[in-house]
Each structure stands twice: as C-alpha cells, then as structure tokens.
Amino acid sequence: MLNQLDTELFLALNGAHATWLDHAMYWISDQEFWYPFYALILAWLFWRFKKKAIGVVLACVATIALGDQFTSSVLKPWVARLRPCHEPSIERMVHVVWECGGQYGFASSHAANTFGFVMVLTILFGKEHPWIKWLFVWAALVSYSRIYVGAHYPLDVLTGAAVGILFAFLVTLIYKKLSVQR
C-alpha cells in the first residue's frame, strides 16, 4: 500500500512538468551546477570563522561522504528498489529529463547530501545566523528536482533527507566533542 501511494504521488509530481521547467530542473538536479554555490559557502565560512572553518568544512565533508556512501553503497543494493524510470510497470508514464541513472533509487543521495550539508550548518551556526535555515529551501528544491527528472520516488527523497540529517547530527556531535577537548 505504501509503495502504491508513493508511486501515485510520484506520477502526479513527475507528471506535472512543463517544457520550460525541464531545463531548469536539469540544472538544479546536476551536482556540478552547484559547485560555485558550495565555493561561496566555503568562502563565507573561511571569511567569517577563519581557522575554525577547517573543522566545519571537514564536518560537512564527513556528513556528505557518510550520507552518500550509506545511500549508494548500503541502501540502494540492499533494498534494490528500481528507479521509477526503470520500473517496467510505469516507465512509459515517467517523464525523464535526462538519463535515468543507476538501476536502484532508494534512497536519494542528492537528498542525503544537500540536507546533511544544510543541517550541519544549521546545527553549528543556525542560532547566530538565522538565514542559514533558508538553505533548507535549496535542499528541498534539489531533492524535488530528482522526482521531476524521473530519478526518484518521493519516499526515496524523504529517506535520503532523513539519512543526511541523521549523519549531520552524528558528525556535529563528534565535532563538538572534539572541539571541546582542544
């Protein structure tokens, strides 16, 4: 039943596409497109926090690496849920904006990476810099783009986001313990 609801929601979200939006969602979904954005955040961290930024950047990198590897190397092969664009029962109904991607899609690494990154920044600096919480809008947009381009079901994205957030809490807990010991 959950799978059926997820499929129906996917088809509704993926089916609500427009030609003019395809190009935007292609770029939003492309990780390399966001490199300048990441560079801007890194520049801000080093400008604002100087040497302390090194530990923060390592915490972000660790969170992204853990979330990415957990979703790609553990969940995807273990759950073995076909991406919607590879699912024979619906593949003709899926609006695919670019190549489909690997065979399995549960859970979304894009969602884990973006939500994990934003959560680290929010945990460490959200009170002092409330604007950081607005980065969750960016993470949600990137995650939604994965449904739009036909690569993930909504549950793939929600699970990926949860994985990223959990690893962010774990990594920042370790970061804070190590920072106190110095």
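Above this text is the structure in question.
The notes below deal with the structure included here.

What counts, and where the lines are drawn
- Residue numbering note: each chain is counted from 1, following its sequence as written.
- Selection of residues for local features in this predicted model requires a pLDDT of at least 70, selection of side-chain atom pairs for listing and counting requires 80 or more, and totals for whole chains, interfaces and linings are taken over all residues.
- As a rule here, side-chain values come from all non-hydrogen atoms in the structure, and water together with hydrogens is ignored.
- Grid points spaced at 1 Å and placed over the protein atoms alone form the basis of the search, with a cavity being a set where a 1.4 Å probe fits but cannot get out and a pocket an open set showing protein on both sides within 12 Å along at least five of seven lines. Lining residues have an atom within 4 Å of a point.
- Grid points are joined across faces, edges and corners, and a volume is the space filled by probe spheres set on the points.
- The way it works is that DSSP assigns letters per residue, a run of H or I at least four long becomes a helix, a run of E at least two long becomes a strand, and they are numbered from the N terminus.
- Residues are grouped as follows: Ala, Val, Leu, Ile, Met, Phe, Trp, Tyr, Cys and Pro are nonpolar; Asp, Glu, Lys and Arg are charged; all remaining types, including Gly, are polar.
- Exposure categories follow from relative accessible area, calculated using a 1.4 Å probe and restricted to protein chains: below 20% of the type maximum is buried, above 50% is exposed, and the middle band is partly exposed.
- Only a pair of cysteine sulfur atoms within 2.5 Å counts as a disulfide in this structure description.
- Any two residues having at least one pair of non-hydrogen atoms within 4.5 Å are treated as being in contact.
- For this analysis, a polar contact is any N or O atom pair within 3.5 Å, provided that within protein one partner can donate a hydrogen and the other can accept it, and provided that sequence-adjacent residues contribute only side-chain to side-chain pairs.

In this structure, the largest pocket encloses a volume near 370 Å³. Tyr35, Tyr38, Ile64, Asn113 and Phe117 are the residues nearest the centre of the largest pocket, which is lined by 18 residues in total. Of all the elements in the fold, those that place two or more residues in the lining of the largest pocket are helix H3 (35-49), helix H4 (52-79), helix H5 (109-125) and helix H6 (135-148). Residue composition of the lining of the largest pocket, by class: 13 nonpolar, four polar and one charged.

On to unusual backbone geometry, then. Cis geometry is found at the peptide bond from Phe106 to Ala107, where omega equals 15°. Locating Ala107 in the fold gives a position in the loop between H4 and H5. Although it is not a glycine, Lys50 sits at a positive phi angle of roughly 50°. Tracing the sequence through the fold places Lys50 in the loop between H3 and H4. Given the relative accessible area of 53%, Lys50 is considered exposed. Unlike most non-glycine residues, Ala80 shows phi in positive territory, near 55°. Along the chain, Ala80 turns up in the loop between H4 and H5.

Applying the stated rule across the entire model yields one disulfide. A sulfur-sulfur separation of 1.6 Å characterises the disulfide bridge that pairs Cys85 with Cys100. Between Cys85 and Cys100 the sulfur-sulfur dihedral comes to about 85°; the bridge is accordingly right-handed. Of this pair, Cys85 sits in the loop between H4 and H5 while Cys100 sits in the loop between H4 and H5, and the two are 15 residues apart along the sequence.

The residue Arg81 is located in the loop between H4 and H5 in this model. On the accessibility criterion, Arg81 (15% relative accessible area) is buried. When the C-alpha positions of Arg81 and Ser109 are compared, they lie 14 Å apart, and in sequence the two are 28 residues distant. Discounting chain neighbours no more than four positions away, the residues touching Arg81 are Asn3, Asp6, Thr7, Lys76, Gln103, Tyr104, Gly105, Phe106, Tyr153, Leu155 and Asp156. Side-chain polar atoms of Arg81 contact the side chain of Asp6, separated by 2.8 Å.

Geometric values such as these leave the question of function open.
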